[in-house]
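What follows is each chain in one-letter form.
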Amino acid sequence: MSDKKTSNQMWGGRFASGPAAIMEAINASISFDRKLYAQDIKGSIAHSEMLAQTGIISAADQEKIAHGLNTILKEIEAGSFEFSTRLEDIHMNIEARLADLIGPAAGRLHTARSRNDQVAVDLRLWVKDECFRVAEALKGLIKALLERAEEHAATVMPGFTHMQAAQPVTFGHHCMAYVEMFSRDLSRVRDAIERMDESPLGAAALAGTSFPIDRHQTAKALGFREPMRNSLDSVSDRDFALEFLALAAICATHLSRLAEEIIIWSTPQFGFVRLSDSFSTGSSIMPQKKNPDAAELVRGKTGRVTGHLVGLLTVMKGMPLTYGKDMQEDKESVFDAAETLDLMLAAMTGMVSDMTVNAAAMKKAAGSGHATATDLADWLVRTLGLPFREAHHVTGRAVALAEDRKVGLEKLSLEDLQSINPGITADIFSVLAVQNSVKSRTSFGGTAPSEVRKQIRAWKKRLGKA
């Protein structure tokens, strides 16, 4: 048996050249970091302009570099650029092609720069751009929820705790709860942008450079507020990636909660909403089925996004300053989480916008489970002056009687209620109807239609300024 054949068996058939092929496969990142091509070219042009302005390279060389980089940008966007795993990453692929195009001048581009600060600025630019995309998608979802909330500000439905009917609310109020959730997600995105708005470019490998560079110029040219203030931190920081994954995971969790409710609401047992055919599928064997697959996939993909956060946290927790090849593992998780979150937001916005609401089914369910029991207790406190604990006890006896009679609280007679507490009058029936119950909840942030409409107006105003 030849040495070559022995080597192949040892290292596995997939790696024809033995250890060298394995090293190339594990080391190369071009299969995924090619996504950074636009940011890499943008950063290189800004760097070359700064080098020329500070006299580190000639204006003639800078013109050649800029022209060559713009040519490469067009080639990549046209699909004619040939990526090579032998050249490891997006930086070396672009640099090699630049040398083919403009010759020795290409070698001057990497003056006062390292791949360490280069990849840090590329990924930071990409994540910052993605944050702006997520912010716009969130605003679209919030607008869709506001439209449904306004449409159903007075549509009564059961509110739940422990998945048991608790008190009647309105569907508009329920939608507004998600407006609040997704607005916090929007706030987190904007906070993250503010924190990542610093440029690592110019930190070089880790210690800065002896060349008279102007980091403020490159930061401004790339749209950053300012350069990062420590060269070690500049190349080793991945907080911006972790923070993006964290906000993505929290947002995905909110999307999953809403998806779960849509799944429950769309069952025949609830029948609160009906998804359009655009967001549903049928069964291959059961012709009566209409499955809420889009909502289920939103719910399922949440685990994927959360997994990416945990994965990168685990990579970074053992990283000493400054750069290690482990940090190459940051990109695939960020790219996939971003793509997944974009899809989840688009799907949820579509579902919210075109689902059909069954107001009659919601209203019927709102009256079940003695949902106005708290209203009865509040009336006893407010009208008869009972301590709340005593009112709670009296209401419990009324509920037990209603259950024994197999009727709702509002169907008990006045005599029935007076047998529990003689002070009860016919006025009690004004609070036992679910419609009256929701109208009475006028406290700030309450479910009363008047309060819901007030919150909708406030949010439309806030969103208009966003």
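Structure's up top.
Reading the values: rules and limits
Residues numbered from 1 in each chain as written. Predicted model: local features only at pLDDT ≥ 70, side-chain atom pairs only at ≥ 80, totals over all residues. Heavy atoms only, no water. Helix = DSSP H or I, 4+ residues; strand = E, 2+ residues; numbered from the N terminus. Rg over C-alpha atoms; globule rule 2.2 N^0.38 Å. Buried < 20%, exposed > 50% of the residue type's maximum accessible area, 1.4 Å probe, protein only. Contact = heavy atoms within 4.5 Å. Areas by Shrake-Rupley, 256 points an atom, 1.4 Å probe, with all protein chains shown as cover. Lys, Arg positive; Asp, Glu negative; His and termini not counted. Charge placed at Lys NZ, Arg CZ, Asp CG, Glu CD. Pairing = 2+ DSSP bridges. Axes fitted to C-alpha atoms, helices over the stretch in contact; angles between N-to-C directions. Parallel < 35°, antiparallel > 145°, perpendicular 65-115°, else oblique. Left-handed = near helix turned anticlockwise from the far one by under 90°. Nonpolar A, V, L, I, M, F, W, Y, C, P; charged D, E, K, R; others polar. Expected span 1.5 Å × (residues − 1). Arc of directions from axis to C-beta. Salt bridge = Lys/Arg side-chain N within 4 Å of Asp/Glu carboxyl O. Phe/Tyr/Trp six-rings, centres within 6.5 Å; stacked < 30°, edge-to-face > 60°. Lys NZ or Arg CZ within 6 Å of the ring centre and 35° of its normal. Core = buried A, V, L, I, M, F, W, Y, C linked by side-chain atoms within 4.5 Å.

What to know about the overall build of the protein chain
Then step 1. Each helix and strand in the protein chain was counted, giving 20 helices and six strands.
Then step 2. Here the protein chain has a C-alpha radius of gyration of 31 Å; the compact-globule value for 466 residues is 23 Å, and the former is much larger.
Then step 3. Counting only C-alpha atoms and orienting by the principal axes, one finds that the protein chain spans roughly 100 × 60 × 40 Å.
Then step 4. Each of the 466 residues in the protein chain was classed as buried or not, and the buried ones make up 49%.
Then step 5. Once local pairs closer than 6 in sequence are excluded, the contacts in the protein chain between residues at least 24 apart make up 73%.
Then step 6. Within the structure as shown, the protein chain displays about 22,500 Å² of accessible surface, and the carbon and sulfur contribution to it stands at 53%.
Then step 7. Counting 55 positive and 57 negative side-chain charges, the protein chain places the averaged centre of each group 4 Å from the other.

Notes on the pairing of strand S2 (residues 164-170)
Then step 1. Taken together, the six bridges between strand S1 (residues 156-161) and S2 define a ladder with antiparallel strand orientation. By the bridge assignment for S2, Phe160 is matched with Ala165.
Then step 2. The hairpin formed by S1 and S2 contains two residues between the paired strands, and His162 there has a positive phi angle of roughly 55°.

Details of the packing of helix H11 (residues 239-265) against helix H12 (residues 293-316)
Then step 1. Interaxial distance between H11 and H12 falls to 8 Å at its minimum, and their mutual angle equals 160°. What the angle tells us is that H11 and H12 run roughly antiparallel. Considering how the two elements wind past one another, H11 and H12 form a crossing that is left-handed.
Then step 2. Broken down by class, the residue content of the contact of H11 with H12 amounts to 18 nonpolar, five polar and three charged.

A few points about helix H6 (residues 90-102)
Then step 1. For H6, which comprises 13 residues, the first-to-last C-alpha distance of 18 Å matches the rise-based estimate of 18 Å (1.5 Å per residue) to within 8%.
Then step 2. Along H6, the residues classified as buried are Ile90, His91, Asn93, Ile94, Leu98 and Ile102. Angularly, the buried residues of H6 cover 165° about the axis, an arc narrow enough to put them on a single face.
Then step 3. At its buried positions, H6 is contacted by helix H3 (30-33), helix H4 (37-53), helix H5 (59-78) and helix H7 (115-151).
Then step 4. Just past H6, the residue Gly103 takes up positive phi, approximately 75°.

Focus: helix H16 (residues 388-405)
For an α-helix, 3.6 residues make a turn, and residues three or four places apart therefore share a direction.
Then step 1. Over its 18 residues, H16 runs 25 Å from end to end, which matches the ideal 26 Å to within 8%, given 1.5 Å per residue.
Then step 2. Listing the buried residues of H16 in full gives Ala391, Val394, Thr395, Ala398, Val399, Leu401 and Ala402. Projected down its long axis, H16 carries its buried residues within an arc of 160°, all on one side. Set apart from the buried face of H16 by more than 90 degrees, the exposed residues are Arg389, His393, Glu403 and Asp404.
Then step 3. Looking at the packing, one finds that the buried side of H16 touches helix H15 (373-384) and helix H17 (414-420).
Then step 4. Within two residues after H16, Lys406 carries a phi angle of roughly 60°, on the positive side.

Describing the pattern of salt bridges
Then step 1. Evaluated as defined, the whole model comprises 25 salt bridges.
Then step 2. Its salt-bridge partner being Asp89, residue Arg115 comes within 2.7 Å of it at the nearest N-O pair. Of the two residues, Arg115 sits in helix H7 while Asp89 sits in the loop between H5 and H6, which places them 26 residues apart along the sequence.
Then step 3. According to the relative accessible area criterion, Arg115 is partly exposed, its value standing at 30%.
Then step 4. Two residues, Lys331 and Asp330, come together in a salt bridge whose shortest N-O distance is 2.9 Å.
Then step 5. On the basis of relative accessible area, Asp330 is assigned to the buried category, the value being 0%.

Describing the packing of aromatic side chains
Then step 1. Under the counting rule described, the total for this entry stands at six aromatic pairs.
Then step 2. Both rings, one in Phe81 and one in Phe83, keep their centres 4.8 Å apart while their planes meet at 55°; by these two values the pair is tilted.
Then step 3. When its relative accessible area of 9% is taken as the criterion, Phe81 is described as buried.
Then step 4. Judged by relative accessible area, which is 25%, Phe83 ranks as partly exposed.
Then step 5. Among the aromatic residues, ring-to-ring pairing joins Phe160, Phe270 and Phe272 into one connected group.
Then step 6. For Lys35, the ring lying beneath its charged end belongs to Phe335, and the centroid distance is 5.9 Å.
Then step 7. A cation over an aromatic ring shows up here: Arg462 above the ring of Trp459, its NZ or CZ 3.8 Å from the ring centre.

Observations concerning the nonpolar core
Then step 1. With 97 residues, the main nonpolar core has Val127, Leu145, Phe182, Phe244, Leu255, Met348 and Met351 as its most contacted residues.
Then step 2. Here the element with the most residues in this core is H11; it accounts for 16 residues.
Then step 3. Among residues more than four places away in sequence, those in contact with Met351 are Leu275, Phe279, Ala294, Ala295 and Val298.
Then step 4. If you look at the next biggest cluster of nonpolar residues, it comprises 20 residues, including Ala398, Leu417, Ile428 and Leu432.

Re the environment of Ile56
Then step 1. The topology assignment puts Ile56 in the loop between H4 and H5.
Then step 2. Residues Ile56 and Thr111, 55 residues apart in the sequence, show an inter-C-alpha distance of 8.2 Å.
Then step 3. Ile56 has contacts with Leu51, Thr111, Phe211, Pro212 and Ile213, leaving out every residue within four places of it along the chain.

Section: unusual backbone geometry
Then step 1. With omega at 10°, the peptide bond leading from Leu321 into Thr322 counts as cis.
Then step 2. Counting through the fold element by element, Thr322 comes out in the loop between H12 and helix H13 (330-354).
Then step 3. One non-glycine residue, His162, lies in positive phi territory at about 55°.
Then step 4. Taking the relative accessible area as the measure of exposure, His162 reaches 76% and is therefore exposed.

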